[in-house]
Amino acid sequence: LSWSFLIIQLSSFDKMQKLTKLQATKGWNKGELRNNNVRHKLSSFIFVLNYKPQTFEKKLSDLLKVLENHKREITKLSNKAHCIIQVYMEIHNGNGMIGGPNMSRKNIKKLSKLNLSIDFDQYVSGNEFKS
């Protein structure tokens, strides 16, 4: 698992930051230029809990604990904006079986109570293992 974070998209970055005590790891406003000179289509507030390598379930559990401590703010945001936990996974192509994330019922219930959705981007890289 590479890393996961919460993305919140609303009318402006400043409005999103004012709705929560969480400090954005990064963010931008609709119309601002990206690195490739293309303008952002949406404003975004991004909160990354940590960049440590961990199992998916551990990272998700840790992130949800933090978000639960800000439940009122997150619920308020999710009622006004599209709030999503974005997960990037890079997996070595070594033996052909890449597997996938597993979510416990407990974490699924927590996501639901926070009115959050989750999105997965999976990437496979590397050479196959020699037989």
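Overview of the structure. (Residues numbered from 1 in each chain as written. Predicted model: local features only at pLDDT ≥ 70, side-chain atom pairs only at ≥ 80, totals over all residues. Heavy atoms only, no water.)

1. Details of unusual backbone geometry
Condition: Secondary structure elements follow DSSP: runs of H or I of four or more residues count as helices, runs of E of two or more count as strands, with numbering from the N terminus.
The phi dihedral of N37 is positive, around 60 degrees, even though this residue is not glycine. Within the secondary structure, N37 is located in the loop between β2 (26-28) and β3 (44-48). Positive phi is not limited to glycine here, since N115 has a value of about 60 degrees. Note that N115 resides in the loop between α4 (105-113) and β5 (117-125).

2. Some remarks on the packing of aromatic side chains
Note the cut-off: Any Phe, Tyr or Trp ring, taking Trp's six-membered ring, that has another such ring centre within 6.5 Å forms a pair; planes under 30 degrees apart are called stacked, those over 60 apart edge-to-face, and the others tilted.
What the rule picks out here adds up to two aromatic pairs. When the centroid spacing of 6.0 Å and the interplanar angle of 25 degrees are considered together, the rings of F13 and F45 count as stacked. Of this pair, F13 sits in helix α1 (residues 13-18) while F45 sits in strand β3, and the two are 32 residues apart along the sequence. Residues F56 and F120 carry aromatic rings whose centres are separated by 5.6 Å and whose planes lie at 55 degrees to one another, so their mutual orientation is tilted. With F56 in helix α2 (residues 56-68) and F120 in strand β5, the pair connects residues that are 64 residues apart, well separated along the chain.

3. Some words on the packing of α2 against α4
A pair of packed helices is captured by two measures, namely the crossing angle of their axes and the spacing between those axes. Quick reminder of the rule: Structural elements are reduced to axes, namely lines fitted to C-alpha atoms, with helices fitted over the stretch in contact, and the angle between N-to-C directions of any two is expressed from 0 to 180 degrees. For a crossing to be left-handed, the near helix must be turned anticlockwise from the far one by less than a right angle; the clockwise case is right-handed. Between two residues, a contact is recorded if the distance between any of their heavy atoms is within 4.5 Å. Each residue gets one label: Ala, Val, Leu, Ile, Met, Phe, Trp, Tyr, Cys and Pro are nonpolar, Asp, Glu, Lys and Arg are charged, and the others, such as Gly, are polar.
Two elements in contact, α2 and α4, have axes whose closest approach is 11 Å; the angle formed by their N-to-C orientations is 35 degrees. At the point where α2 passes α4, the crossing takes the left-handed sense. Between α2, through E57, L60, S61, L64 and E68, and α4, the contact on the second element is made entirely by N107, K110 and L111. Of the residues that constitute the contact of α2 with α4, the class distribution is three nonpolar, two polar and three charged.

4. With respect to the pairing of β3
Defined as follows: Residue exposure (1.4 Å probe, protein chains only): buried if accessible area is under 20% of the type maximum, exposed if over 50%, otherwise partly exposed. One bridge is not enough; two strands pair if DSSP finds at least two bridges between them.
Within β3, five of the five residues are buried, which leaves it mostly tucked inside the rest of the structure. In β3, alternate side chains face the same way, and those of S44, I46 and V48 on one face and F45 and F47 on the other are all buried. Taken together, the three bridges between β2 and β3 define a ladder with antiparallel strand orientation. Along β3, the bridge assignment pairs W28 with S44.

5. Let's talk about the side chain of S78
With respect to the secondary-structure elements, S78 resides in helix α3 (residues 71-80). Given a relative accessible area of 8%, S78 falls into the buried group. S78 has contacts with C83, L114 and N115, leaving out every residue within four places of it along the chain.

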